[in-house]
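Structural overview
Residues per chain are reported as follows:
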Amino acid sequence: MKKVTISTLLKMKQEKQLITALTAYDASFAKLFDEQGIDLLLIGDSLGMVLRGDDDTLSVTIENMAYHTRSVRQGVERAFVVADMPFMSYSTPEQAYLNAAELMRAGASMVKVEGGAWLLETIKGLQERSVPVCGHLGLTPQSVHVFGGFKVQGRDDLQAENILEQAKQLEQAGIQLLVLECIPTDLAEQISLALSIPVIGIGAGAKTDGQILVMHDMFGISANYMPKFSKNYLSQTGDIRKAVQQYIQEVQEGEFPSAEHSFN
Ligand code: KIV
Ligand code: NA
């Protein structure tokens with residue numbers, strides 16, 4: 001079985017093959033998703049919400065992330081593994097280097113950071129120090145208290161222009177992958193076309209280079225609530241493996257997300 005690398009994902013974008021991704025937090029689910037052929041697994045700081053039951057992701061620590069990254073790594077043979085840098089673990093470049101090293105040592109192949117222009121130096125520094133970086137723009141959950149709730153971003157022209165501009169700057173600084181969360185379909189399409197790196201969407205419509213969902217949302221078992229952009233694949237199939245297979249198939253065929261799971 002050939003391992004998925006960042007080169008694989010880049011080639012998929014170039015060949016217009018859609019990338020499938022899920023979050024994972026433990027070895028058992030990671031193995032199951034990997035066996036079904038998922039391309040990418042993210043150890044998301046969403047674990048604060050779906051594992052611990054918090055209202056946001058802010059209490060998650062680098063130790064929490066390293067523990068779950070190691071767990072996921074144990075279950076994976078093929079998928080590309082990305083780990084989130086949690087809240088305030090990358091507020092300065094120096095801090096980011098030390099904390100990113102923890103996640104890389106735990107088995108991540110890339111780390112993800114939330115934000116735009118203020119991160120350019122950090123991203124460049126990480127990349128120069130051999131840590132591949134994934135960006136995250138739009139609804140960045142670590143900023144929930146700045147946004148005043150989990151709200152769709154980039155709805156007016158000025159905001160949209162700003163997100164597009166930051167995406168270009170992040171690519172310039174060296175990110176090799178970008179997650180766009182909860183932005184209008186048109187904006188996500190525009191960004192995906194403007195960048196040469198793969199762009200993975202969540203609540204960002206069907207025109208990105210791939211899709212990611214929080215695994216608990218995809219199974220319809222999240223502790224708190226079910227976001228509009230997510231879909232319950234378990235209730236449709238009645239079987240965990242079949243649910244994953246159907247999610248993968250619908251993403252690959254461009255059927256998910258449909259308009260009802262997108263924003264305009
Ligand atoms: O933490 C997470 O699960 C994420 C995804 C929603 C992209 O960042
Ligand atoms: Na996250």
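None of the values given here were measured: they were computed from a predicted structure.

1. Here's the deal with the overall build of the protein
- The helix and strand inventory of the protein stands at 12 helices and 8 strands.
- For 264 residues, the compact-globule estimate of 2.2 N^0.38 gives 18 Å, and the protein sits close to it at 17 Å.
- With the principal axes as the frame, the protein shows a C-alpha extent of 45 × 40 × 40 Å.
- Residues counted as buried form 52% of the 264 residues belonging to the protein.

2. Here's the deal with helix 5 (residues 93–105)
- Between its first and last C-alpha atoms helix 5 spans 18 Å; for 13 residues at 1.5 Å apiece the expected length is 18 Å, and the two agree.
- Within helix 5, the full set of buried residues consists of Ala 96, Asn 99, Ala 100, Leu 103 and Met 104. Here the buried residues of helix 5 occupy an arc of 145 degrees about the axis, which is enough to place them on one side. Across from the buried face of helix 5, at angles greater than 90 degrees, the exposed residues are Glu 94, Leu 98 and Arg 105.
- Check the buried side of helix 5 and you find it contacts helix 4 (62–75), strand 3 (80–84), strand 4 (110–112) and helix 6 (120–128).
- Directly after helix 5, the chain includes Gly 107, whose backbone phi takes a positive value near 120 degrees.

3. Some remarks on the sheet that holds strand 4
- One closed barrel holds the 8 strands; their spatial order is 1-2-3-4-5-6-7-8, and the pairing between them is parallel. Between one strand and the next, the sheet's axes are offset by a mean angle of 25 degrees, whatever the strand orientation.
- Inspection of the sheet shows strand 3 paired to strand 4 by 3 bridges, in the parallel sense. The residue of strand 4 that forms the bridge with Asp 84 is Lys 112.

4. As for the UniProt feature "binding site: 3-methyl-2-oxobutanoate" (unreviewed entry) in the protein
- Using the residue numbers shown here, the UniProt feature "binding site: 3-methyl-2-oxobutanoate" (unreviewed entry) corresponds to Asp 45, Ser 46, Asp 84 and Lys 112. Across 68 residues in sequence, these annotated residues keep their C-alpha atoms within 12.5 Å of one another, forming a single compact spot.
- Tracing the sequence through the fold places Asp 45 in the loop between strand 2 (40–43) and helix 3 (47–50).
- With residues up to four places along the chain from it excluded, the contact list for Asp 45 reads Thr 57, Val 60, Met 65, Asp 84 and Pro 86.
- Following the sequence through the fold, Ser 46 ends up in the loop between strand 2 and helix 3.
- Setting aside residues up to four positions removed in sequence, Ser 46 forms contacts with Thr 23, Thr 57 and Val 214.

5. Concerning the pairing of strand 1 (residues 19–23)
- Among the 5 residues of strand 1, 5 are classified as buried, and the element is accordingly described as predominantly covered.
- What you see with strand 1 is no split at all: Ile 19, Ala 21 and Thr 23 on one side and Thr 20 and Leu 22 on the other are buried throughout.
- This β-α-β element, strand 1 to helix 2 (residues 27–36) to strand 2, shows right-handed connectivity.

6. Description of the site of ligand 1
- As a matter of local geometry, ligand 1 sits amid Thr 23, Leu 42, Gly 44, Asp 45, Ser 46, Asp 84, Val 179, Glu 181, Ile 202, Ile 212 and Val 214.
- Residues that form the shell around ligand 1 fall into these classes: 5 nonpolar, 3 polar and 3 charged.

7. Structural notes on the nonpolar core
- Core analysis: the biggest nonpolar cluster contains 85 residues, and Leu 22, Ala 24, Leu 40, Leu 41, Val 111 and Leu 178 have the highest contact counts within it.
- Among the elements that take part in this core, helix 12 (residues 240–252) stands out by supplying 5 residues, more than any other.
- The residues contacting Leu 40, other than those within four sequence positions of it, are Val 4, Ile 19, Ala 21, Ala 79, Phe 80 and Val 82.

8. Digging into the pairing of strand 2
- Here strand 2 shows no split at all, with Leu 40 and Leu 42 on one side and Leu 41 and Ile 43 on the other all buried.
- Of the pairings in the sheet, the one linking strand 1 to strand 2 comprises 3 bridges and is parallel in character. Among the inter-strand pairings, Leu 22 is bridged to a residue of strand 2, identified as Leu 41.
- One ladder, built from 4 bridges, connects strand 2 with strand 3; its direction is parallel.

9. Remarks on the UniProt feature "active site" (unreviewed entry) in the protein
- Mapped onto the present numbering, the UniProt feature "active site" (unreviewed entry) falls on Glu 181.
- Secondary-structure assignment places Glu 181 in strand 6 (residues 177–181).
- Judged by the 22 C-beta atoms lying within 10 Å of it, Glu 181 falls in the buried class.
- For Glu 181, the contacting residues outside a window of four places in its chain are His 136, Gly 138, Leu 139, Thr 140, Ile 202, Gly 203 and Ala 204.

10. A closer look at the environment of Val 251
- Tracing the backbone through its elements, the reader meets Val 251 in helix 12.
- Taking the C-alpha atoms as reference points, Val 251 and Pro 141, separated by 110 residues in sequence, lie 23 Å from one another.
- Once you skip the residues sitting within four places of it in the chain, Val 251 turns out to touch Leu 18, Thr 20, Gly 210, Gln 211 and Phe 256.

Thresholds applied
- Residues numbered from 1 in each chain as written.
- Chains lettered and ligands numbered in written order.
- Predicted model: local features only at pLDDT ≥ 70, side-chain atom pairs only at ≥ 80, totals over all residues.
- Helix = DSSP H or I, 4+ residues; strand = E, 2+ residues; numbered from the N terminus.
- Rg over C-alpha atoms; globule rule 2.2 N^0.38 Å.
- Buried ≥ 20, exposed ≤ 12 C-beta atoms within 10 Å, placed from the backbone.
- Expected span 1.5 Å × (residues − 1).
- Arc of directions from axis to C-beta.
- Contact = placed C-beta atoms within 7 Å.
- Pairing = 2+ DSSP bridges.
- Axes fitted to C-alpha atoms, helices over the stretch in contact; angles between N-to-C directions.
- UniProt positions renumbered as here; feature names shortened; annotations may be inferred.
- Right-handed = clockwise from strand over helix to strand, strands pointing away.
- Near = placed C-beta within 6 Å.
- Nonpolar A, V, L, I, M, F, W, Y, C, P; charged D, E, K, R; others polar.
- Core = buried A, V, L, I, M, F, W, Y, C linked by C-beta atoms within 7 Å.

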